[in-house]
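# Geometric and topological summary
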Amino acid sequence: MSFNTLISAEQLATLLADTAANVLVCDCSYDLTNPAAGSASYRHAHIPGAVYVDLERTLSGQKTGRNGRHPLPAPASLAEALSGLGANTDTQLVCYDGAGGMFAARLWWLARWLGHDRVAVLDGGLAAWQAAGQPTEQGDGRTPARADFPVRAPLVATVDYDTVLANVARPTRVVLDARAADRFRGENETLDAVGGHIPNARNRFFRDNLGADGRFKSPERLRAEFSAVAGHTDGSALIAQCGSGVTACHNLLAMEVAGIPGAALYPGSWSEWSSRPGAPIATGSH
């Protein structure tokens, strides 16, 4: 059995108890305001056997000043990193963090971008694992045996700046912005130089995908909520964006859970958009 959206703590514990299972658990803990905090959190407590995957070093590419704060890594570089962590074409990847899945969802999406569908996010993250009475370990973790993780045809779609710009003039797709409402309105911007949002975009804060227990809401509820924001449930007519292409992946995961596949990621997101001279900017709630 493979998992390709979410996996529960109980399901993961069963997988890890099977010595024949080909599973790689990836701790994606990170803090946008304190980059060293993620690896420190991993060393303090992580799921036994988990490896640490860093947002900046592994899950992002080189910045040019025009491609956003977390550009996509080169596919070959990411595949090489996953090979070095012991992943191959049959590996069940399980991603988690301590932030509601906001960073784990990035690895989930990237693995699918490389053509790998055996990848899931631990629902509820490390807190759910610990609440289920499962053990953690400390330290730097293991050194895995190298495997071969090839780049295959992508299972997900992307759009670039020019495509999103053209969509402003002639809207054919709805852009869903995963940032908090105040940043969407152009208030309290601390991560990017300019506040506001892409004209015609609609706001779907990624944390609204979670219930009070930190787990994803039911597929039915997610579907109803995305439909209410977007006006429809046609994933192919949706574009996901956020500040830098990270939390938009959380919305893409939630849409997949809700049975709304096919939405595209705008990887550069607001950090790229706001850096482009002449890019139109809207403020306020609309």
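Our subject is the structure that appears above.
### Topic: the packing of helix 4 (residues 104-113) against helix 9 (residues 248-257)
- Between helix 4 and helix 9, the shortest axis-to-axis distance is 8 Å and the interhelical angle comes to 70 degrees. As far as their axial angle goes, helix 9 and helix 4 are roughly perpendicular. The segment helix 4 lies against helix 9, with Ala105, Arg106, Trp108, Trp109 and Arg112 engaging Cys249, His250, Leu252, Leu253 and Glu256.
- When grouped by side-chain class, the residues that make up the contact of helix 4 with helix 9 number 6 nonpolar, 1 polar and 3 charged.

### Some points on the nonpolar core
- By size, the foremost hydrophobic cluster in this structure holds 75 residues, and its most contacted members are Ile47, Trp109, Leu122 and Met255.
- Among the elements that take part in this core, helix 4 stands out by supplying 8 residues, more than any other.
- Among all residues touching Leu122, those that are not within four sequence positions of it are Ile7, Ser8, Ala9, Leu12, Ile47, Val94, Cys95, Tyr96 and Trp129.
- With 14 residues, the next largest nonpolar core counts Ala201, Ile239, Ala264 and Tyr266 among its residues.

### Regarding the sheet that holds strand 5 (residues 119-122)
- Strand order in the open sheet made by the 5 strands is 1-5-4-2-3, with parallel pairing throughout. Taken across any chain shown, the strands that pair with only one partner, and hence form the sheet edges, are strand 1 (6-7) and strand 3 (51-52).
- Note: strand 2 (residues 23-27) against strand 4 (residues 92-96), 5 bridges, orientation parallel. Bridge pairing in strand 4 links Val25 to Val94.

### Section: the pattern of salt bridges
- Tallied over the full model, the rule gives 15 salt bridges.
- The residue Arg185 makes a salt bridge to Glu187 at a minimum N-O spacing of 3.1 Å.

### Brief notes about the packing of helix 8 (residues 219-230) against helix 9
- Between helix 8 and helix 9, the shortest axis-to-axis distance is 8 Å and the interhelical angle comes to 120 degrees. Judged by the angle between their axes, helix 8 and helix 9 are oblique. Where helix 8 crosses over helix 9, the two elements pack in a sense that is left-handed. In this structure, helix 8 contributes Pro219, Leu222 and Phe226 to the contact, and helix 9 contributes Asn251, Ala254, Met255 and Val257.
- Within the contact of helix 8 with helix 9, the residues separate by chemical class into 6 nonpolar, 1 polar and no charged.

### A word on the side chain of Glu189
- Topologically, Glu189 is positioned in the loop between helix 7 (181-185) and strand 8 (202-203).
- Side-chain polar atoms of Glu189 contact the side chain of Arg183, separated by 3.1 Å.
- A polar contact of 3.0 Å, which involves the side chain of Glu189, links it to the backbone nitrogen of Asp192.
- Beyond its immediate sequence surroundings of up to four residues, Glu189 is in contact with Arg179, Arg183, Val194, Gly195 and Trp270.

### Here's the deal with the pairing of strand 7 (residues 174-177)
- Alternating residues of strand 7 divide into Val174 and Leu176 and Val175 and Asp177, and every residue in both groups is buried.
- Of the pairings in the sheet, the one linking strand 7 to strand 9 (residues 238-241) comprises 4 bridges and is parallel in character. For Asp177, the partnering residue across the bridge sits in strand 9 and is Gln241.
- Strand direction decides the pairing type here: strand 7 and strand 8, joined by 2 bridges, are parallel. Counted as the bridge partner of Asp177 is Asn203 from strand 8.

### Notes on the sheet that holds strand 7
- Taken together, 5 strands build an open sheet; the order of strands is 6-10-9-7-8 and the sheet is parallel. The two strands at the open ends of the sheet, each matched to only one other strand, are strand 6 (157-158) and strand 8.
- Packed onto the sheet, helix 9 meets strand 7, strand 9 and strand 10 (264-265) and runs at close to 140 degrees relative to strand 9.

Here is what the cut-offs are and how they apply
Residues numbered from 1 in each chain as written. Predicted model: local features only at pLDDT ≥ 70, side-chain atom pairs only at ≥ 80, totals over all residues. Heavy atoms only, no water. Axes fitted to C-alpha atoms, helices over the stretch in contact; angles between N-to-C directions. Helix = DSSP H or I, 4+ residues; strand = E, 2+ residues; numbered from the N terminus. Parallel < 35°, antiparallel > 145°, perpendicular 65-115°, else oblique. Contact = heavy atoms within 4.5 Å. Nonpolar A, V, L, I, M, F, W, Y, C, P; charged D, E, K, R; others polar. Core = buried A, V, L, I, M, F, W, Y, C linked by side-chain atoms within 4.5 Å. Buried < 20%, exposed > 50% of the residue type's maximum accessible area, 1.4 Å probe, protein only. Pairing = 2+ DSSP bridges. Salt bridge = Lys/Arg side-chain N within 4 Å of Asp/Glu carboxyl O. Left-handed = near helix turned anticlockwise from the far one by under 90°. Polar contact = N/O pair within 3.5 Å; in protein donor to acceptor, adjacent residues only side chain to side chain.

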